[in-house]
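Residue-level listing of the chains:
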Amino acid sequence: MIFSRKRADAERQTRDERATQVPDQGDATPTLERGPYDISESYDDVQRLDLGSLHIPAIADVEVRVQADPQGVVQQVVLVHGDNALQLGVFAAPRSEGIWDEVREEIRQSLLRDGASAQEVAGEYGPELHAQVNTPDGPTNLRFVGIDGPRWMVRGVFQGPVATDPAMAGPLVECLDGLVVDRGQEAKPVREPLPLRLPREVADQAEAEAEAGDAAAAPRQA
């Protein structure tokens, strides 16, 4: 299932630093200059696709490809722009500390066990993991980034030319910087994926299409 937003007047904001806070004005909520943001923080009011725990900005020429089960529970989210893609995941984290350092090392060890190459690199979001894996189509480059937030962690996996040249991220980095995470208040095991779901109207449409397909495929009785 693909969601596409093509808006010629889409706002483009350049943010030089991540999580830079504007000084408090009384009781005002600090505004971050660069996300991902927590739902409790101040952020811009651009249109976003609500997938439950993740709200994804609607950026011109970026397709949001969502794989979901028949109940509308999202299994995978991939943003695509040209030859580049960004796979997104969001996970529960403890209140006291981030988990990206630990998760990054586990990913690195897993890649090495599978015969892939993996190297830690300093990137714009902090430590990243650059890897090359073998696929049926030949070697493929991947770039793993992680951003720790309040009781959550967003993991992004860049694929395509952007995996080796971050400058080619274009609107994909706008999507990542503009993410809003709705962690919820309920207790969750650390590293458990936060629940993602299709918007209600989209889930209803998919269900109706599936039912229509089942009806068309049903054998007719004489």
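Residues numbered from 1 in each chain as written. Predicted model: local features only at pLDDT ≥ 70, side-chain atom pairs only at ≥ 80, totals over all residues. Heavy atoms only, no water.

As a further point, take the sheet that holds strand 3 (residues 48-50). The sheet built from four strands is open, its strands ordered 2-12-4-3 with mixed pairing. The strands lining the two open edges of the sheet, one partner per strand, are strand 2 (37-38) and strand 3. Examined bridge by bridge, strand 3 and strand 4 (residues 54-57) share three bridges and lie antiparallel to one another. In the sheet register, Arg48 faces strand 4, and the bridge partner there is Pro57. (Pairing = 2+ DSSP bridges. Helix = DSSP H or I, 4+ residues; strand = E, 2+ residues; numbered from the N terminus.)

Our next topic: the packing of aromatic side chains. In this structure the tally under the stated criterion is one aromatic pair. The ring of Phe158 has Arg143 sitting right over it, with the charged end atom 4.3 Å from the ring centre. (Phe/Tyr/Trp six-rings, centres within 6.5 Å; stacked < 30°, edge-to-face > 60°. Lys NZ or Arg CZ within 6 Å of the ring centre and 35° of its normal.)

Glancing now at helix 1 (residues 100-113). The end-to-end C-alpha separation of helix 1 is 20 Å, in line with the 20 Å expected for 14 residues at 1.5 Å each. For helix 1, the set of buried residues is Trp100, Val103, Arg104, Ile107 and Leu111. The buried side chains of helix 1 occupy one side of the element, clustering within an arc of 100° when seen end-on. Away from its buried face, by an angle of more than 90 degrees, helix 1 presents the exposed residues Asp101 and Arg113. Turning to helix 1, the residues buried within the fold contact strand 8 (117-123), strand 9 (126-135), strand 10 (138-149) and strand 11 (152-159). Taken from the residues just after helix 1, Gly115 is the one with a positive phi, measuring 85°. (Expected span 1.5 Å × (residues − 1). Buried < 20%, exposed > 50% of the residue type's maximum accessible area, 1.4 Å probe, protein only. Arc of directions from axis to C-beta. Contact = heavy atoms within 4.5 Å.)

By secondary structure assignment, the location of Val145 is in strand 10. A relative accessible area of 1% places Val145 in the buried class. Residues Val145 and Tyr125 lie 20 residues apart in sequence; the distance between their C-alpha atoms is 6.9 Å. Aside from chain neighbours lying at most four places away, what touches Val145 is Trp100, Tyr125, Glu128, Val154, Arg155, Gly156, Phe158 and Leu176.

Summed over the entire model, instances satisfying the criterion amount to 10 salt bridges. Between Glu120 and Arg104 there is a salt bridge; the shortest N-O distance is 2.9 Å. Taken together, the residues Glu120 in strand 8 and Arg104 in helix 1 connect sequence positions 16 residues apart. On the basis of relative accessibility, which here comes to 6%, the residue Arg104 falls in the buried class. Its salt-bridge partner being Arg108, residue Glu105 comes within 3.0 Å of it at the nearest N-O pair. Highlighted residues: Glu105 and Arg108, both in helix 1, separated by three residues, approximately one helical turn. On the basis of relative accessible area, Glu105 is assigned to the partly exposed category, the value being 31%. Judged by its relative accessible area of 23%, Arg108 is partly exposed. Three or more residues are tied together by salt bridges with common partners; here these are Asp101, Arg104 and Glu120. (Salt bridge = Lys/Arg side-chain N within 4 Å of Asp/Glu carboxyl O.)

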